Amino acid sequence: MRSDAVEKDRGGLPALSPRVKRMLVSIVLAALCAIWVYPLIWMLFASLRPNAMIFADEGLIPSQPTLENYARAWTEANMGSYFFNTLFVTVGSVILVTIATAMMGYVLGRSSFPGRAALFGLLVFTLFVPQGYTIIPIFELLSSLGLGQSLLGVMLATTAGSFVIFVLLFAGYFSQMPDELEEAARMDGVGFVKTFWFVMLPLSKPIIVTVIVMQTLYAWNDFLLPLVITLANPSIRTLSVGVYAFKGENFIDWGGMMAASAITIIPVVILFLLLQRYFIDGLAGAVKG
Amino acid sequence: MAQTFTAHAVFLDRVWTHWKEYLFLVPGMLIFGTFIIYPMLASQYYSLLQWTGFDSNQVFIGFDNYVALLGDSFFWDAFLRSFVFTAITVPAQLLISLIIAIVLNDRLLRLSALFRTLIFLPVVTPVAVIGIVMAIMLSPFNGPVNIALLDAGFVTRALDFLGDPNLVLPTLAAIYVWKWTGVTMVYWLAALQTVPRELFEAARLDGVRGWQVAVFIILPMIMPFAIVITLISAISALNVFPLIQAMTQGGPFFASEVMEVFIFRTAFAPGGGAVPQLGYASAAGVFFGVAIMVLTILQIVATRHLRSVERSRAV
């Protein structure tokens, strides 16, 4: 009787074995993913086509693959120098923001100094400030510091992007560490700074990886700030502004545009492939706190 | 007098014993103060100015900008669009990514790492690139999407997704969801990792199957994360400027002009020979920022209230 009821519950379908079910799920997922990444795959193949063949009706795989689009994008469209500009902004802001937020998060998570609650409140309060709110003063401030048209200015201002979230991640993680660690270090006569650097920081690896990945994604993708700062100085454009400008300036060079786009994506894709395991584990560890 | 003096001394003493902690705050405070706190305060001051370009004079005009904003239909349309956009994209993004994450969380599913990477790819694709590729995909002249729709018989003539004022906002919302679902999926996956395996086993033995596992076992366990993930997604959706600037610049006929595009246009790229209005744009930014903060606080209060109601019920 009971099994009859179960059968009915499933709409009369014969029960599938878990293996068959997984295979069906995989097939559905594969189809979904194929549609999902189709635009990017198309772009990749288009970047290997000669310009006259971009919209030719010959299927997805190019019949006469060539790398000339890449050569043109890298030199003539300056994607080469934009690439290094972006690398500078990304690496610089990742280093600065990781150190600054780890230190701040450590103190906020482990110590009860006067003013801690107020600082916490202020941080959370600013969590929801949209970028459009701060862009004008930031540009004005950088200009008055002489950084209004410089890569250093872009790099410094990019550190603020997800600053508050990172501090809260570190603070949450450090606060759930056992007190014994610090006490043991103090017993052994290890000072505050050394305890942080040699004991606590190595233990916070999941958060460090999370912050590095998230800040890299942010800096590599950031658009409004670099767009505003490089309006008057095209030579310091970042990749995403460069691709955007490419579209405006050489709108018939589709091959070059696709190659420029591919150049922009490939480094972050590789980074994510290498770090994705740590990234997900790190996030899981971070939100647990 | 003497008492307050000792109180001060005790306070200063406490501050002094923590001097190393304060030193540790310095790098962070430099970034926080310079690029987050200062701009917030400065924006509020700028919003009281008539200021037409970075090189021109600033004239203090009080609240005139705000008064002008209240009567500016372009502002209100953009303001409304920002919230509509968030209301469409956030639930869609949360739901789609949660379903994908639950399916991919199955350890025995081979290729799950590959699928995860593929779904994540649009996240690492800069919006400028998406702007170009999607313009080709959605082109009314033989774009792949239109060809597919025509072949399947869903439409009788090609749709101009990005050129039709009625279609442009839903289209951008769909592209936005496509771009950011991957990151929300990773958040969900991280949350799902905290659900103990034994729970699935126990549920299975109790005869709980399929979607019931999701609703009765998984959801209650990841509820605390759900609140954080929803907040992060909502904040991100309000910062949609890059995607829209790269794809339509707010067009056609302002049909996709959200708040930040309005601010950017007013402050940096007025077009048509008009002067940039930095004070006016700041006022719009402040108004928008305060509105978001109020909504966030309301949301937090509401969740707290719900939680305390639940708790009192449990007791």
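Residues numbered from 1 in each chain as written. Chains lettered and ligands numbered in written order. Predicted model: local features only at pLDDT ≥ 70, side-chain atom pairs only at ≥ 80, totals over all residues.

A. Quick look at the overall build of chain B. A count of helical and extended segments in chain B gives 13 helices and two strands. Its C-alpha atoms give chain B a radius of gyration of 25 Å, clearly above 20 Å, the size a compact globule of 315 residues would have. The 315 residues of chain B split such that 37% are buried. Across chain B, contacts joining residues at least 24 apart in sequence account for 67% of those joining residues at least 6 apart. (Helix = DSSP H or I, 4+ residues; strand = E, 2+ residues; numbered from the N terminus. Rg over C-alpha atoms; globule rule 2.2 N^0.38 Å. Buried ≥ 20, exposed ≤ 12 C-beta atoms within 10 Å, placed from the backbone. Contact = placed C-beta atoms within 7 Å.)

B. Layout of the overall build of chain A. A tally of helices and strands in chain A yields 14 helices and zero strands. Counting from the amino terminus, chain A carries its helices and strands in the arrangement α-α-α-α-α-α-α-α-α-α-α-α-α-α. For chain A, the residues scored as buried account for 44% of the 289 residues in total. Across chain A, the fraction of contacts at a sequence separation of at least 24, relative to all contacts at a separation of at least 6, is 78%.

C. Region of interest: the domain arrangement of chain A. Residue and element names in this part refer to chain A. The domain boundaries assigned to chain A delineate domain 1 (2-69) and domain 2 (72-288). Spacing between the C-alpha centres of domain 1 and domain 2 amounts to 34 Å. Taken together, the contact between domain 1 and domain 2 spans 10 residues of the former and 10 residues of the latter. Broken down by secondary-structure element, the contributors of at least two residues to the side of domain 1 that touches domain 2 are α2 (18-46) and α3 (68-75). (Domains from an automatic or database assignment.)

D. Structural context of helix α8 (residues 168-192) of chain B. Residue and element names in this part refer to chain B. For α8, built from 25 residues, the straight-helix expectation of 36 Å at 1.5 Å per residue is met to within 8% by its first-to-last C-alpha distance of 35 Å. Along α8, the sharpest change in direction is near 40° and occurs at W180. Counting buried positions along α8 yields 20 of 25 residues, so the element is predominantly enclosed. (Expected span 1.5 Å × (residues − 1). Bend = angle between axes of the 7 residues up to and from the residue.)

E. Structural view of the nonpolar core. Judged by nonpolar contacts, the single largest core of 157 residues is most densely connected at A:F163, A:V167, A:F170, A:A260, B:V186, B:V240 and B:L243. Broken down by element, this core gets its largest block of residues, 15 residues, from α8(B). Taken domain by domain, the makeup of this core includes at least three residues from each of domain 1 (2-69) and domain 2 (72-288) of chain A. If near-sequence neighbours (up to four positions away) are discounted, A:V167 is found in contact with A:T101, A:M104, A:G105, A:L108, A:L123 and B:G28. (Core = buried A, V, L, I, M, F, W, Y, C linked by C-beta atoms within 7 Å.)

F. The interface of chain A and chain B, seen in detail. If you look at the interface, chain A gives 66 residues, while chain B gives 75 residues. Within the residue set of the side of chain A that touches chain B, elements represented by two or more residues are α2, α4 (79-110), α6 (131-144), α8 (163-175), α11 (205-221), α12 (224-229), α13 (239-249) and α14 (254-288) of chain A. For the side of chain A that touches chain B, the leading source of residues is α14(A), giving 15 residues. The residue makeup of the side of chain A that touches chain B, split by class, is 48 nonpolar, 14 polar and four charged. (Nonpolar A, V, L, I, M, F, W, Y, C, P; charged D, E, K, R; others polar.)

G. Looking closely at the packing of α2(A) against helix α6 (residues 127-137) of chain B. Between α2(A) and α6(B), whose axes approach to 10 Å, the crossing angle comes to 100°. Considering their axes alone, α2(A) and α6(B) lie roughly perpendicular with respect to each other. Residues A:P39, A:L40 and A:M43 of α2(A) touch α6(B), and the partners they reach there are B:V133, B:M134 and B:M137. Class assignment of the residues belonging to the contact of α2(A) with α6(B) gives a composition of six nonpolar, no polar and no charged. (Axes fitted to C-alpha atoms, helices over the stretch in contact; angles between N-to-C directions. Parallel < 35°, antiparallel > 145°, perpendicular 65-115°, else oblique.)

H. Focus on the confidence of the model for chain A. Residue and element names in this part refer to chain A. In the predicted model, chain A carries a mean pLDDT of 83, and the fraction of residues at 70 or more is 90%. Taken element by element, chain A is modelled with least confidence in helix α1 (residues 2-9), mean pLDDT 43, and with most confidence in α4, mean pLDDT 93. Of the regions scoring below 50 in pLDDT, residues 1-12 engages in one contact with residues more than four places distant in sequence or in other chains. (pLDDT = per-residue confidence, 0-100.)

I. The arrangement of the packing of α8(A) against α11(A) in detail. Residues and elements named next belong to chain A. Across the interface, α8 lies against α11 with an axial gap of 10 Å and an inter-helix angle of 170°. Compared by their axis directions, α8 and α11 come out roughly antiparallel. Each of F166, L169, F170 and Y173 in α8 lies in contact with α11, whose residues at this interface are I207, T210 and V211. Taken together, the residues that form the contact of α8 with α11 break down as six nonpolar, one polar and no charged.

J. Region of interest: the environment of B:G279. All names here are of chain B. As for its position among the elements, G279 is in helix α13 (residues 278-314). Sequence separation between G279 and W180 is 99 residues; the distance between their C-alpha atoms is 33 Å. Not counting chain neighbours up to four residues away, the residues in contact with G279 comprise Y46, S47, L49, Q50, W51 and N65.

K. View of unusual backbone geometry. With a phi angle near 65°, A:N78 is a residue other than glycine that sits in the positive phi range. Along the chain, A:N78 falls in the loop between α3 and α4. One non-glycine residue, B:F253, lies in the positive phi region at around 50°. Along the chain, B:F253 turns up in the loop between α11 (241-247) and α12 (259-267).

L. Spatial organisation of the environment of A:L201. Residues and elements named next belong to chain A. Along the polypeptide, L201 turns up in helix α10 (residues 192-203). With 18 C-beta atoms counted inside 10 Å, the residue L201 sits in the partly exposed group. In sequence terms L201 and I280 are 79 residues apart; their C-alpha atoms lie 19 Å from each other. With sequence-adjacent residues up to four places away left out, L201 is seen in contact with A102 and F196.

M. Seen up close, the environment of A:D188. Among the secondary structure elements, A:D188 is positioned in the loop between α9 (179-187) and α10. Linking A:D188 and A:S162, residues 26 residues apart in sequence, is a C-alpha distance of 37 Å.

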